[in-house]
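These are the residues of each chain, in order.
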Amino acid sequence: MRTSPEDSLGITDFPGALQIPNTGLYIKFGGYFRMDAIYDFNGSGSRNQLLMSQIAFDGTPEAAKGPFFNFHVRETRFNLDLRRKTQSGRPLKVFIEFDFFDESLPAGVPRLRHAFIKYGKWTLGQTWTNLSDLRIFPFIMDFSSGDALFGGRAVQIRFEDELSPHFNFGLALEMPGLSGIADLYQLGGETMPVLPIFSARITNEREDGMIIAGGQIQQLRWDGLDQGPDARAIGWGVVFNGRQKITDRLFATWHSSYNYGLVNQILIFGGTDENAVLLPSGELDIQDAITSAVGAGYQINSWLSTNIAYAYLRRGNLDFRPEETLKTGGMGHFNFIWKIDKNALGGIEYAWGKIRNVSLASGNAARLQAMVKYSF
């Protein structure tokens, strides 16, 4: 979650940190324990999160599955934050964080979320992309609550600076995914970008809210490896996001994006081949998509709050995709969160979703989720 170009790099004002004796190094160990209980009414997709892309279409064997119950602690995470001033007097931050939410691995296997160095206005390493800012969502318990977000985490080099007291900007070179192009006709070869993603963002920061506008471009490159054709194209995407305080107790959020050839920059399609299709002619048939999300949070009293969010996805050209390809979808969440003490939270959430594919077949999902979270 971005707070400013300097990312709160204070050394002396570093709550909870300990100084290593006889050094200028401060260290803080943090994170939280979280346990979730889930009851899914439709048996939809993952047992740990409700992904729009995993909702089963009516009439398929997956849709015939019954409800299920699950306990998990996969969102539990640990992080290490180290800070110091360099010999030149510039602040330096090193941050590393792990959780256990890689569903391709057995439960209990750590997953690297963040590993970056921040030196003044420069960030190097793996963290949220230049266009990603989690303030555009209210607090949603489902881990995939931002599945319509255009962004995610990537290895990058980013420079940020202020334009004025209320405006800052970010420029970044980011690692593209080694996927994105589907070889549906088995022509041979693989996706092989040779250039980084370039992104630019401007943010308006105010006491009562923030607005983000930005865009990125990316090379789409298919290497035939002397088996199939070589193909090139340019993909691009834009975002417009924000958060606004309405009263002392109520706030609203929004997210919108359009992309041409960067569908796998949408969180639910990360790591997939949804950007383009390689045609027998050797050309790339480019796919596009729009996403939007709205949300709100309300502080009922000192210990109870509520949040609601809805996300929508619509894909454009899918001429060469199979009929079961996801075309449109919506996902909603509504919860109550209560503060047990300054470190502990409890909550209960209802989530629902509806999708349609290219053939206009639909699918539905609904689940209840409860959690206990203790931060340290």
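Refer to the preceding data block for the structure.
All residue numbers refer to positions counted from 1 along the written sequence of the respective chain. With the structure being a predicted model, the display of local features is reserved for residues of pLDDT at least 70 and the display and counting of side-chain atom pairs for 80 or more, all residues being used for whole-chain, interface and lining totals. Hydrogen atoms and water are omitted, and side-chain values are computed over all heavy atoms in the structure.

> Would you mind showing me how to read the side chain of arginine 367 here?
Working definition: helices are DSSP H or I runs of at least four residues, strands are E runs of at least two. Numbering for both runs from the N terminus. Following the sequence through the fold, arginine 367 ends up in strand β22 (residues 362-375). Given a relative accessible area of 1%, arginine 367 falls into the buried group. In protein, a polar contact means a hydrogen-donor-capable atom and an acceptor-capable atom, both N or O and within 3.5 Å, with residues adjacent in sequence counting only if both atoms are side-chain atoms; elsewhere, any N or O pair within 3.5 Å suffices. Within polar-contact distance, the side chain of arginine 367 engages the side chain of aspartate 40 at 2.8 Å. At 3.3 Å, the side chain of arginine 367 and the backbone oxygen of serine 44 are in polar contact. Whether a residue is buried, partly exposed or exposed follows from its accessible area with a 1.4 Å probe, protein chains only, as a fraction of its type maximum: under 20%, in between, or over 50%, in that order.

> Where do I start with the sheet that holds strand β17 (residues 284-286) in this structure?
The strands that make up a sheet pair up through hydrogen bonds in the backbone, lying either parallel or antiparallel. One requirement defines pairing of two strands: DSSP has to find at least two bridges between them. Taken together, 3 strands build an open sheet; the order of strands is β10-β16-β17 and the sheet is mixed. Each having just a single partner strand, β10 (181-182) and β17 make up the two edges of the open sheet. Across 3 bridges, the pairing between strand β16 (residues 276-278) and β17 is antiparallel. Bridging from a neighbouring strand, valine 277 pairs with aspartate 285 of β17.

> How should I be thinking about the pattern of salt bridges in this particular structure?
Note on pairing: side chains with opposite charge can pair once their charged atoms come close. A carboxyl oxygen of Asp or Glu within 4 Å of a side-chain nitrogen of Lys or Arg is what we treat as a salt bridge. Here the structure, examined in full by the defined rule, presents 20 salt bridges. Its salt-bridge partner being aspartate 133, residue arginine 135 comes within 2.8 Å of it at the nearest N-O pair. Grouping residues by exposure puts arginine 135 and aspartate 133 together as buried. The salt bridge partner of glutamate 160 is arginine 158, with a shortest N-O separation of 3.4 Å. The same class applies to glutamate 160 and to arginine 158, which are both buried.

> Where do I start with the nonpolar core in this structure?
One recurring pattern in soluble globular proteins is that nonpolar side chains are buried together. Formed by 20 residues in total, the largest nonpolar core has its most connected members in Ile266, Ile268, Phe269, Leu313 and Leu326. Taken together, the elements giving at least two residues each to this core come down to β20 (326-339) and β21 (344-357). In this structure, isoleucine 266 is in contact with Asp147, Ala148, Leu149, Phe150, Asn259, Ala289, Thr291 and Leu313, ignoring residues within four places of it in sequence. In this description, a nonpolar core means a group of buried Ala, Val, Leu, Ile, Met, Phe, Trp, Tyr and Cys residues linked to one another through side-chain atoms lying within 4.5 Å. Here, two residues are considered to be in contact whenever any of their heavy atoms come within 4.5 Å of each other.

> How should I be thinking about the environment of glutamate 103 in this particular structure?
Here glutamate 103 is to be found in the loop between β5 (91-99) and β6 (111-119). C-alpha separation for the pair glutamate 103 and glutamine 49, spaced 54 residues apart in sequence, amounts to 9.9 Å. Here the side chain of glutamate 103 touches serine 46 through a polar contact of 2.4 Å, side chain to side chain.

> I keep staring at the pairing of β21 and nothing clicks. Help me out?
It is a general feature of regular strands that their side chains alternate between the two faces of the sheet. Here 13 bridges tie β20 to β21, and the two strands are oriented antiparallel to one another. Looking across to β21, one finds that methionine 331 is bridged to glycine 353. In this antiparallel pair of consecutive strands, β20 and β21, the connection spans 4 residues. Pairing geometry for β21 and β22, over 13 bridges, is antiparallel. Considered in β22, the bridge of alanine 351 is made with arginine 367. The antiparallel hairpin formed by β21 and β22 contains 4 residues in its connecting segment, where leucine 360 sits at a positive phi of about 75 degrees.

> What should I look at first to understand unusual backbone geometry in this one?
Note on backbone geometry: most residues besides glycine have negative phi, and most peptide bonds are trans. A positive phi angle, near 50 degrees, is found at glutamine 186, a position not held by glycine. Residue glutamine 186 is classed as exposed on the basis of its relative accessible area of 72%. The backbone of leucine 225 shows a phi angle near 55 degrees, a positive value even though the residue is not glycine. With respect to the helices and strands, the residue leucine 225 is situated in the loop between β13 (209-223) and β14 (231-245). Given the relative accessible area of 37%, leucine 225 is considered partly exposed.

> How should I be thinking about the packing of aromatic side chains in this particular structure?
Aromatic rings in a pair are described by how distant their centres are and how their planes are angled relative to each other. Centres within 6.5 Å are what make two rings of Phe, Tyr or Trp a pair, Trp counting through its six-membered ring; a difference in plane orientation under 30 degrees is then read as stacked, over 60 as edge-to-face, and the rest as tilted. Tallied over the full model, the rule gives 15 aromatic pairs. With 6.1 Å between their ring centres and 55 degrees between their planes, phenylalanine 159 and phenylalanine 169 make a pair best called tilted. Of this pair, phenylalanine 159 sits in strand β8 (residues 153-164) while phenylalanine 169 sits in strand β9 (residues 167-174), placing them 10 residues apart in sequence. With a relative accessible area of 23%, phenylalanine 159 lands in the partly exposed category. Put simply, the rings of Phe29, Phe78, Phe100 and Phe376 pair up and form one aromatic cluster. Whether a charge sits over a ring depends on NZ of Lys or CZ of Arg being within 6 Å of the ring centre and within 35 degrees of the ring normal. In this structure, arginine 90 is placed above the aromatic ring of tyrosine 119, and the distance from its NZ or CZ to the ring centre is 5.3 Å. Positioned over the ring face of tyrosine 32 is lysine 373, at 4.2 Å from the centre of the ring.

Just distances and angles here, no functional claims.
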